[in-house]
Each structure stands twice: as C-alpha cells, then as structure tokens.
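Survey of secondary and tertiary structure
Chain residues, written in single-letter form:
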Amino acid sequence: MEGFAEASLGRLFVVRLPHGGDLLESIKGFAVERGVEAGVLWVIGAVRKASISFYDQAEKSYVKQSFEEPMEILACTGNIGRLKGETLVHAHITLAKRNGETVGGHLEEGTTIFSAEMFLLELKNVALNREYDETTGLNLFRL
C-alpha cells in the first residue's frame, strides 16, 4: 500500500442537478455550498453534450474530446477532495450514444445536463488533499 486512511460516514445527499447546468460545475457548487470537503459520488441521467478527457500516461497530459449530441449517463463516479486549498471534483463518466456505442473518460467542464440525479456521500475524519506526484504526473491523494 502506498497509503490509506480510515474515514467515517457523514451526511448522504440525494440531489437533482439543474437542467442545462454544467455537470462538473454543478457537482462542485453543491459540494462547496454544503461544506463537503471529502466525499464520494454517483450520478445517472442524460446530457445534451459532453466533454471528457483521457490521460496519456506517456505524455503525462490530458487529451480532451467533445461530443455535440445527447447521450445517457450510464455511470459517473468520483470523489470530492482538495487541491491547493480548493474543492476538486475528480469524476469518471461513461456515456451511451443513441446507437449503443459508449464513450468514457474524465468528466470535464462543458458537459451540459439534460437530467441528472446524484448521490453524494460525505466522508468525515479524513482529508482528501491532493498533491503533484512526479512518477505519474497526476495530483494524487496525500494520505
């Protein structure tokens, strides 16, 4: 193990996110509004358009893709933590196109909500602070 922490369960929020809102910003806004500094989340629903990214491990950079079409959110999971004192939502999303084809990656700003229902479970007695990791080029938990 490179590190672990034991947490306690806090509040559980069941949230209907706003039609037309940005999915990533809506999740972050709700967490900030409710004072959630550490948590795990799940979202289902649909989007009007999406922006996702894939982390290129060799280049140590994110490659973004945009989709200008309605899609179903098959799964969106992630966590709430902190980076440089700011709330950070790190979420992955799997989306289905009309023909059944799926796409997925890191959720990015620019994903517009058609409908979205979120469960957000707050974690207590743990700090999910991120810091830069030289080996991966990612901002990982400092536990």
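Up top you'll find the structure we're talking about.
Predicted model, so just to flag it, every value in this text is computed and none were measured.

**Some details on the pattern of salt bridges**
Under the defined criterion, the tally for this structure stands at seven salt bridges. Residue Lys64 pairs with Glu108 through a salt bridge whose shortest N-O separation is 3.9 Å. Within this pair, whereas Lys64 is found in strand β3 (residues 61-67), its partner Glu108 is found in the loop between β6 (102-107) and β7 (112-124), the two being separated by 44 residues in sequence. By relative accessible area, which is 56% here, Lys64 ends up exposed.

**Some points on the pairing of β6**
Strand direction decides the pairing type here: strand β2 (residues 39-56) and β6, joined by two bridges, are antiparallel. By the bridge assignment, Ser53 is partnered in β6 with His106. Hairpin connection between strand β5 (residues 86-96) and β6: a loop of five residues separates the two successive antiparallel strands, and Gly100 in this loop has a positive phi of roughly 95°.

**Examining the side chain of Ser51**
Examined against the element boundaries, Ser51 turns out to sit in strand β2. On the basis of relative accessible area, Ser51 is assigned to the buried category, the value being 9%. A polar contact of 3.4 Å, which involves the side chain of Ser51, links it to the backbone oxygen of Glu109. Among residues more than four places away in sequence, those in contact with Ser51 are Gln65, Ser66, His106, Leu107, Glu108, Glu109, Gly110 and Thr111.

**Points about the side chain of Thr112**
Inspection of the secondary structure assignment puts Thr112 in strand β7. The class of Thr112 is buried, set by a relative accessible area of 16%.

**Let's talk about the environment of Ser61**
For Ser61, the location among the structural elements is in strand β3. Sequence separation between Ser61 and Gly137 is 76 residues, and the spatial gap between their C-alpha atoms is 7.8 Å. Contact partners of Ser61, with chain neighbours within four places excluded, come to Phe54, Tyr55 and Asp56.

**Looking at the nonpolar core**
Counting 29 residues, the largest nonpolar core has Leu23, Ile27, Val43, Leu95 and Met118 as the members making the most contacts within it. Every element with two or more residues in this core is listed here: β1 (8-17), α1 (23-34), β2, β4 (71-83), β5, β6 and β7. For Val43, the contacting residues outside a window of four places in its chain are Leu23, Ile27, Ile73, Ala75, Cys76, Ala116, Glu117 and Met118.

**Thoughts on the pairing of β2**
By the bridge criterion, eight bridges tie β2 to β4 in an arrangement that is antiparallel. The residue of β4 that forms the bridge with Leu41 is Gly78. As defined by bridge partners, β2 adjoins β7 across 10 bridges and the pair is classed as antiparallel. Within the sheet, the bridge partner assigned to Val47 lies in β7 and is Ile113. Relative to β3, β2 is paired through seven bridges, and the arrangement is antiparallel. Within β3, the position partnered with Asp56 by the bridge is Ser61.

**A word on α1**
Taking 1.5 Å of rise per residue, the 12 residues of α1 would be expected to cover 16 Å, and the 17 Å separating its terminal C-alpha atoms lies within 8% of that figure. Along α1, the positions that sit buried rather than exposed are Leu23, Leu24, Ser26, Ile27, Phe30 and Ala31. The backbone nitrogen of Leu24 lies 3.2 Å from a side-chain oxygen of the residue at the head of α1, namely Asp22. Positioned one or two residues after α1, Gly35 has a phi angle of 75°, which is positive.

Cut-offs applied
- Residues numbered from 1 in each chain as written.
- Predicted model: local features only at pLDDT ≥ 70, side-chain atom pairs only at ≥ 80, totals over all residues.
- Heavy atoms only, no water.
- Salt bridge = Lys/Arg side-chain N within 4 Å of Asp/Glu carboxyl O.
- Helix = DSSP H or I, 4+ residues; strand = E, 2+ residues; numbered from the N terminus.
- Buried < 20%, exposed > 50% of the residue type's maximum accessible area, 1.4 Å probe, protein only.
- Pairing = 2+ DSSP bridges.
- Polar contact = N/O pair within 3.5 Å; in protein donor to acceptor, adjacent residues only side chain to side chain.
- Contact = heavy atoms within 4.5 Å.
- Core = buried A, V, L, I, M, F, W, Y, C linked by side-chain atoms within 4.5 Å.
- Expected span 1.5 Å × (residues − 1).

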